[in-house]
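Topology and contacts: notes
The primary structure of each chain is shown beneath.
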Amino acid sequence: MVTPLDRSGSPEGSLMASLDRPRTDEPTRVAVIADPHLSTEEAGTSKLFNRTEAHVANAVADIVDRDVDATLCVGDITKDGEPWNFDRFDELAADLEAPFYSVPGNHDVPKEGYDHENLSMNAFAERYTPDGQAFPFHVPVGGVDVIGVNTAGTEEWLYDSHAGTVREDQLDELDAMLAAADTPLVLAHHNLPAMSEQVHEHRELAEPDMFVPPRWTTRSRSSRRSNVTARRCCSPATYTCLQPRARGPSAN
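Okay, so let's go over this structure. Given the structure is predicted, the values throughout are model-derived calculations rather than measurements.

This next bit is on the overall build of the protein. Across its full length, the protein carries five helices and ten strands. Out of the 252 residues in the protein, the part that is buried amounts to 48%. Within the protein, contacts between residues at least 6 apart in sequence are counted, and of these 76% link residues at least 24 apart. When the accessible surface of the protein is split by element, carbon and sulfur atoms take 47% of a total near 12700 Å².

Attention shifts here to the pattern of salt bridges. Counted by the stated rule, this structure contains seven salt bridges. Note that Arg 167 is salt-bridged to Asp 169, the shortest N-O span being 2.7 Å. Looking at Arg 167, the relative accessible area reads 31%, which means it is partly exposed. Each of the salt bridges in this network shares a partner with another, and the network as a whole consists of Glu 53, Arg 88 and Glu 91.

Generally speaking, a soluble globular protein has its nonpolar side chains buried in company with each other. Ranked by internal contacts, the top residues of the largest apolar core, which has 39 residues, are Leu 72 and Phe 124. Ignoring anything within four residues of it in the chain, the contact list for Leu 72 reads Val 30, Ala 31, Val 32, Ile 33, Tyr 101, Val 146, Leu 185 and Leu 187.

A few words on the packing of aromatic side chains. One pass over the full model with this rule turns up eight aromatic pairs. Between Phe 89 and Phe 100, the ring centres sit 5.5 Å apart and the planes meet at 50°, which makes this aromatic pair tilted. Remark: Phe 100 occurs in strand E5 (residues 100–102) and Phe 89 occurs in helix H2 (residues 83–93); sequence separation between them is eleven residues. Looking at Phe 89, the relative accessible area reads 1%, which means it is buried.

What follows concerns unusual backbone geometry. Residue Pro 136 is bonded to the preceding Phe 135 through a cis peptide linkage, with omega at -10°. Along the chain, the position of Pro 136 falls in the loop between helix H3 (121–128) and strand E6 (137–141). With phi around 55°, Asp 76 is a residue other than glycine that occupies positive phi space. Along the chain, the position of Asp 76 falls in the loop between strand E4 (70–73) and H2. Phi angles above zero are rare outside glycine, and Asp 131 is one such case at about 55°. Relative to the elements of secondary structure, Asp 131 occurs in the loop between H3 and E6.

How each quantity is defined
- Residues numbered from 1 in each chain as written.
- Predicted model: local features only at pLDDT ≥ 70, side-chain atom pairs only at ≥ 80, totals over all residues.
- Heavy atoms only, no water.
- Helix = DSSP H or I, 4+ residues; strand = E, 2+ residues; numbered from the N terminus.
- Buried < 20%, exposed > 50% of the residue type's maximum accessible area, 1.4 Å probe, protein only.
- Contact = heavy atoms within 4.5 Å.
- Areas by Shrake-Rupley, 256 points an atom, 1.4 Å probe, with all protein chains shown as cover.
- Salt bridge = Lys/Arg side-chain N within 4 Å of Asp/Glu carboxyl O.
- Core = buried A, V, L, I, M, F, W, Y, C linked by side-chain atoms within 4.5 Å.
- Phe/Tyr/Trp six-rings, centres within 6.5 Å; stacked < 30°, edge-to-face > 60°.

Put into structure tokens, the structure is as follows:
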């Protein structure tokens, strides 16, 4: 659950909300980068890809001044998974002093119709998960247990779709991670099936030459645990600092 902030006397910076859960005795602050869609070769498109390098550079410079415990990315690092765009992102993110972890978004993973070779998901995990854990991963950040899940796909699944899913073979591993985590914060980039319709509509209205994978219907499964907080922001190179509240007498 997310509690909107009281804007009267709001602290300086981009703190958008305070999480009711998880709660921890150890004050913890993370920066969240979402959907930067970095592209070094696009210009003049409706999505303003030509500004993405500046967006990422500005976000990184701001994060450096904020004394965070980690920077988390919820995916769509690149326009469409191009290796050279990952390389450029890594160059810009090299100035971050705290650890950086990421899950892939639907635009980071291989998709049918791309005319380039994507960064493989093994290479993505090697770069952006703690010690190359792959997915799902678990890493302590301050007093929070960050759990990263790939719901966007790989070369083997969701190749023909921009929808998201949690595969059956991940659920048991996730159950074990969540059971062992005292303060879980789940990181995922999960497009619901309706998102695919929005992509088709965008193509029809703005970019008729844009390739879109076929429409896809995916079966969803409700979370096995109700006490997990997930957080996602959806704008280019946007981040918010989150500080879980200290545990009080009435905390669960």
